[in-house]
Amino acid sequence: MSARIRKAGLPYLLLLPGLGWLAVFFLIPLGYTAFESLKAGTLDTGFIFDWQFSNYTDAISDYNEQFLRSFEYAALATIAGLLIGYPLAYFIAFRGGKWRNAMLLAVIAPFFVTYLIRTLSWETILSDSGFVVDTLKSVGILGEDGRLLDTTFSVIAGITYNFLPFMILPLYASLERVDHRLLEAGYDLYGRRRDVFLRVTLPLSMPGVVAGSLLMFIPAAGDFINAELLGTPNQYMIGNVIQSRYLEIGDYPTAAALSFILMAVMLAIVLIWARIAGTEALLGTEGEAR
Amino acid sequence: MEAGAATAPTAARTQETGRPRNRRRGGKLLDWGLNVYALLALLYLLVPIAVILVFSFNNPVGRFNFIWQEFSLDAWTDPFGVPGIGDALLTSVEIAALSTIGATALGTLTALALVRYEFKGRAPVNFFIFVPLATPEVVLGAALLSMFLNFLVATGFGTILIAHIMFNLSFVIITVRSRLIGFDRSLEEAAQDLGATAWQTFRLVTLPLIMPGVISAALLAFALSIDDFVITNFNAGSTITFPLFIWGAARVAVPPQIYVIASMIFLITLALMLLTVWQQRRAEKMASVRPEPEEE
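Residues numbered from 1 in each chain as written. Chains lettered and ligands numbered in written order. Predicted model: local features only at pLDDT ≥ 70, side-chain atom pairs only at ≥ 80, totals over all residues. Heavy atoms only, no water.

Chemist: Pulling in residues and values, what's your account of the overall build of chain A?
Modeler: For chain A, the count of helices and strands is 13 helices and two strands. Seen along its three principal axes, the alpha-carbon backbone of chain A occupies a region of about 80 × 75 × 30 Å. Relative to its 290 residues, chain A shows a buried fraction of 55%. Residue pairs at least 24 apart in sequence account for 69% of intrachain contacts in chain A once pairs closer than 6 positions are excluded. Counting every atom, chain A has about 13,100 Å² of accessible surface; 65% of that belongs to carbon and sulfur. For chain A, the distance from the average site of its 20 positive side-chain charges to the average site of its 25 negative ones is 17 Å. (Helix = DSSP H or I, 4+ residues; strand = E, 2+ residues; numbered from the N terminus. Buried < 20%, exposed > 50% of the residue type's maximum accessible area, 1.4 Å probe, protein only. Contact = heavy atoms within 4.5 Å. Areas by Shrake-Rupley, 256 points an atom, 1.4 Å probe, with all protein chains shown as cover. Lys, Arg positive; Asp, Glu negative; His and termini not counted. Charge placed at Lys NZ, Arg CZ, Asp CG, Glu CD.)

Chemist: Which residues make up unusual backbone geometry, and what values do they have?
Modeler: Residues and elements named next belong to chain A. Of note, the phi angle at Asp150 is positive, near 65°, even though the residue is not glycine. Examined against the element boundaries, Asp150 turns out to sit in the loop between helix H5 (131-139) and helix H6 (152-176). On the basis of relative accessible area, Asp150 is assigned to the partly exposed category, the value being 25%.

Chemist: Can you tell me about the packing of helix H5 (residues 122-134) of chain B against helix H7 (residues 157-180) of chain B, naming the residues and giving the values?
Modeler: All names here are of chain B. The contact between H5 and H7 brings their axes to 9 Å, and the two run at 125°. With respect to their mutual orientation, H5 and H7 come out oblique. For the pair H5 and H7, the sense of crossing is left-handed. Contacts between H5 and H7 involve Asn126, Ile129, Pro132 and Leu133 from the first element and Ser170, Phe171, Ile173, Ile174 and Arg177 from the second. Considered class by class, the residues forming the contact of H5 with H7 number six nonpolar, two polar and one charged. (Axes fitted to C-alpha atoms, helices over the stretch in contact; angles between N-to-C directions. Parallel < 35°, antiparallel > 145°, perpendicular 65-115°, else oblique. Left-handed = near helix turned anticlockwise from the far one by under 90°. Nonpolar A, V, L, I, M, F, W, Y, C, P; charged D, E, K, R; others polar.)

Chemist: Outline the nonpolar core, supporting the account with residue identities and numerical values.
Modeler: With 165 residues, the main nonpolar core has Phe26(A), Leu88(A), Ile225(A), Leu262(A) and Ile258(B) as its most contacted residues. Looking at this core element by element, the count peaks at 17 residues for helix H2 (residues 54-95) of chain A. For Ile258(B), the contacting residues outside a window of four places in its chain are Ile117(A), Ile85(B), Phe242(B), Phe245(B), Ile246(B) and Ala249(B). (Core = buried A, V, L, I, M, F, W, Y, C linked by side-chain atoms within 4.5 Å.)

Chemist: Help me get a handle on the domain arrangement of chain A, residues and values and all.
Modeler: All names here are of chain A. Structurally, chain A comprises domain 1 (15-52) and domain 2 (62-289). Between the C-alpha centres of domain 1 and domain 2 the distance comes to 31 Å. Of the roughly 760 Å² buried at the junction of domain 1 and domain 2 (both faces included), carbon and sulfur atoms supply 82%. Put simply, domain 1 and domain 2 have zero salt bridges between them. Sorting elements by how many residues they give to the side of domain 1 that touches domain 2 places helix H1 (residues 3-37) first, with six residues. Class assignment for the residues of the side of domain 1 that touches domain 2 results in five nonpolar, two polar and two charged. (Domains from an automatic or database assignment. Buried area = accessible area lost by both parts, 1.4 Å probe. Salt bridge = Lys/Arg side-chain N within 4 Å of Asp/Glu carboxyl O.)

In C-alpha cells, the structure reads:
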C-alpha cells in the first residue's frame, strides 16, 4: 500500500466503526419505522405491509391535541429557560470571578441525579400537603383546595427544570467568549449599559441563545416523563401517546407513524433554525477545517 | 479573560480623563438585582437535589416518600434492602461501563477522522452525526425496537447495550472533536521527524494530548447511560436497570432507598467531577511552564 493511498483511505477507515454503528442502529431502524408505519392490521391478526398512508392522516387527526400540546409546553419551557438561564449565564460569565467553576458545577449538578428522581423530587416539592402548597395557601395565592401537582403548571415547571442545563451551558459558552474590549469600546463611546447590552452583548450571544433554545426544545417536545409523573392524562404529550401505543397497546403502525411525524417536525424546526443561525454554530464545527 | 481584569484598566482611564462615568449611573440597583436573580436561579437548580438528600433520611409513612415524617438512618444503613434494587443498580453500572468503553472508542476514532483529515463528504458526515441529537429519545427508542421486532431479536441486556452505544456516540464525537480543534499538530510532526512510526506517534503523542477530551467524553457517556430511561424502556425486554426500577416504583411505592441510591450516585459523580477538574488544572499548570502558542 503506497503512502498516498493510505493517507486517502485512513479517514474513511477511522470513520467506519462509528458511522457504521450509527447506520445500523439509527438509520436502518428509522427505515424500519417507516416500513412499520405503513402496515395495516391489528395486534391479534398481525400487521401486514400495505402502503397504509391513512395511518399518518389518522395519527394526526386523532392526536393533534397532544401534538399541539407538546410544542406548546416545549415552547413555554424554552422561554422560561431563557428567562431563568440568560441572567444566570450572564452573571457567571461576567461576575463569576473565582466562583465561576463552582457555579458551573451547580448548573450541571442536576444531571448527577437520575432524571426520574429529579422529577420525583418535584413531585415531593409540589405535593398537596407539601411546604410550597401550604405556604401559597396561607398567603392566599392558592385557594383552599388549590393544587400545584397534576396541573399544566407542574408539567411545564418539571420540563423547564429537567432541561435547563442544556440552555444555560451554550448561553454561558457564548457569553464567556464575548470580547470585553468591545464592551469597553461601547462604554467609551458613551453607550449606556442598556445600549451596550442590547447592541453588543446580546447580538454576540445570539449563537448561544439559538443553540440553547434548540437543545432545550428538542428533548422537551419529545418528553413524556414529566407529563406522566407531574400531570394527568389532560397534560399528556405526544411522547406519552407514542410510548403507550407502542409498549402498552401494541399498536405499532400508529406509534411508528407518530414517531415519524414527530421526527420530521423536529428536523424541519432544526433546519429552519440552522438557516437563521448558520450551521456552524449549530453543528459546533467552527474552526474545524484546518 | 477575567471580568475583573478587563474592567480594571478602564476604571483607571476613567479617573484620568473623567470620561464615561455614566456606565455606573443606576448601575448599583441593576447589579444588585442581577446578583439576587442569579442566586435564586442557582437555588432553583439545587433545591430538588437538596430535597433528595434530605428525604433519603426520612422515615416515611405509607408507600410514598413525599411528606417529611422523622429523621431516620434506616435507609442509609440498608440501601439495598428493597428487593431488586441492588440487581437493577448493578445492571445499570455494567451497561454504563460497557457502553462508555464502546462509545468512547468508536467516537474518538470518528472525531479524529473529522478534525485531522481533509476528505470528501465531511459536511454530510457532520450532519449525520448531528441528526441523532435532534431526534427525540422516544423516537430513537421506538425505531430501534421496530428493527429488533422485525428481525425477531430478543430484547434484553445486549439490546440495551447496543442502544446506549448508539445514543452516546454523537455526544462523544462532539466532545472529543471540540477538544481536538485547538490541537497543535507540530508536536506530531516533531515526533515523526524524530523517527516515530504512525502508531508510536499516536500512542505516545496524540493520545496523551487528547486524553482530557476523551475523559470528559467518557464521563458524559457514563452519566448519560446510567441515567437513561426512555430508550432503555423500549429495548429492555425483561432486564431491569435502575431507572426502570424507579419507573416501576413511582407508580406503586417509592421507598427511601431510592433516594439513598440517588444521593450516592450524586455524591460519587460530584467527587469524580471534582477530581477530574483538579487533575486537569494540575496538568494545565504543568503545561503552562512551556511557552504557549498565541491564541486566535
